[in-house]
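As a plain string of letters, each chain reads:
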Amino acid sequence: MKNIVVYTGPFCNFCDAAKRLLQRNGLSFDEIDISSGENIREEMIKKTSGQRTIPQIFFGDYHVGGYTELRELEKSNSLKEKLK
């Protein structure tokens, strides 16, 4: 199974929703708070080819996108398939 990384920030409802979605599907993830370090936001923007919004979610090297894209994977029953 691919490693899940979620870039988040403080007071972000979509970040909280993404984390709850992953948890209710029994998936563990690494959370990176973009406010916790000087260059973390720039690292995220570089990895996402310019996306600045949070959350930004990765399954290994695959960039899922944000909460909306993650929710679409869950609704289409593709979530666990993308993690293989």
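As the structure is a prediction and not an experimental result, all values here were calculated from the model.

Hydrogen bonds between backbone groups are what pair the strands of a sheet, and the pairing can be parallel or antiparallel. Spatial ordering of the open sheet is given by β2-β1-β3-β4, a layout of 4 strands whose pairing is mixed. One side of each edge strand has no neighbouring strand; the edge strands of this open sheet are β2 (30-33) and β4 (62-65). Averaged over all pairs of adjacent strands, the angle between strand axes in this sheet comes to 25 degrees, irrespective of strand direction. Where strand β3 (residues 56-59) meets β4, 3 bridges bridge the pair, whose relative direction is antiparallel. Counted as the bridge partner of F58 is H63 from β4. Its contacts with the sheet place helix α1 (residues 13-24) against β1 (4-8), β2 and β3, and it is angled at close to 160 degrees to β1.

Cut-offs used in this document
- Residues numbered from 1 in each chain as written.
- Predicted model: local features only at pLDDT ≥ 70, side-chain atom pairs only at ≥ 80, totals over all residues.
- Heavy atoms only, no water.
- Pairing = 2+ DSSP bridges.
- Helix = DSSP H or I, 4+ residues; strand = E, 2+ residues; numbered from the N terminus.
- Axes fitted to C-alpha atoms, helices over the stretch in contact; angles between N-to-C directions.
- Contact = heavy atoms within 4.5 Å.

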